[in-house]
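A closer look at the structure
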Amino acid sequence: MLLTKKIITFAVKITFADKKLEKLANDDRKMLKELGKIRATILRRRLTQLEDATTLEEVRHLPGNYHELKNDRKGQWGCDLDQPYRLVFTPHEDPIPTNEDGQYIWLEITGVEVIEIINYHKEK
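Residues numbered from 1 in each chain as written. Predicted model: local features only at pLDDT ≥ 70, side-chain atom pairs only at ≥ 80, totals over all residues. Heavy atoms only, no water.

The next point concerns the side chain of Glu93. Examined against the element boundaries, Glu93 turns out to sit in the loop between strand E4 (86-91) and strand E5 (111-118). Buried within the structure, Glu93 lacks any salt-bridge partner; its nearest side chain of opposite charge belongs to Lys13, at an N-O separation of 11 Å. Here Glu93 is in contact with Glu108, Ile109, Thr110 and Gly111, once residues within four sequence places are set aside. (Helix = DSSP H or I, 4+ residues; strand = E, 2+ residues; numbered from the N terminus. Buried < 20%, exposed > 50% of the residue type's maximum accessible area, 1.4 Å probe, protein only. Lys, Arg positive; Asp, Glu negative; His and termini not counted. Salt bridge = Lys/Arg side-chain N within 4 Å of Asp/Glu carboxyl O. Contact = heavy atoms within 4.5 Å.)

Spelled out as structure tokens, the structure:
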């Protein structure tokens, strides 16, 4: 009898900070109307990248420039939409996993909450 190993993988769980964002992300027509074709297309691509990953580490080096934010946005991540807009999200893990040097461990982040679509460089 041949035994096979069954591998079960789970996608990064995505939640949304509010109902408006959730509705937008789940309605392509609404997304297109509110964001325009370019931003809507890229947003759909970024959400799909996250959904297809099992941890945040898997998107780290994909197109989209997934990166940790700094200063008053420490604990948040961003990825590029159309310049200068970003998709901003936080990990579900609380506290966020860190190594002994205080660096976040992307490999241990398995869920994110989308908090906004913004040009955060304009805030400065």
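Attention shifts here to the packing of aromatic side chains. If you walk through the whole model with that rule in mind, you get three aromatic pairs. Measuring from centroid to centroid gives 6.4 Å for Tyr66 and Phe89, while their planes differ by 55°, and the two rings are tilted. In this pair, Tyr66 sits in the loop between helix H2 (28-52) and strand E2 (67-68) while Phe89 sits in strand E4, placing the two residues 23 residues apart along the sequence. A single burial state applies to Tyr66 and to Phe89, both of which are buried. Ring plane angle 45° and centroid distance 5.1 Å describe the contact between Trp77 and Tyr104, whose orientation is recorded as tilted. Taken together, the residues Trp77 in strand E3 (residues 77-80) and Tyr104 in the loop between E4 and E5 connect sequence positions 27 residues apart. (Phe/Tyr/Trp six-rings, centres within 6.5 Å; stacked < 30°, edge-to-face > 60°.)

Turning our attention to the sheet that holds strand E1 (residues 13-16). In a beta sheet, neighbouring strands pair by backbone hydrogen bonds and run either parallel or antiparallel. On the basis of which strands lie adjacent, the open sheet formed by five strands has the order E1-E5-E4-E3-E2 and mixed pairing. Whereas interior strands pair on both sides, the edge strands pair on one side only; in this sheet they are E1 and E2. Strand direction decides the pairing type here: E2 and E3, joined by two bridges, are antiparallel. Each residue of the ladder has a partner; that of Glu68, found in E3, is Trp77. Here H2 sits on the sheet and contacts E1, E3, E4 and E5; the angle it forms with E5, its principal contact strand, is near 165°. (Pairing = 2+ DSSP bridges. Axes fitted to C-alpha atoms, helices over the stretch in contact; angles between N-to-C directions.)

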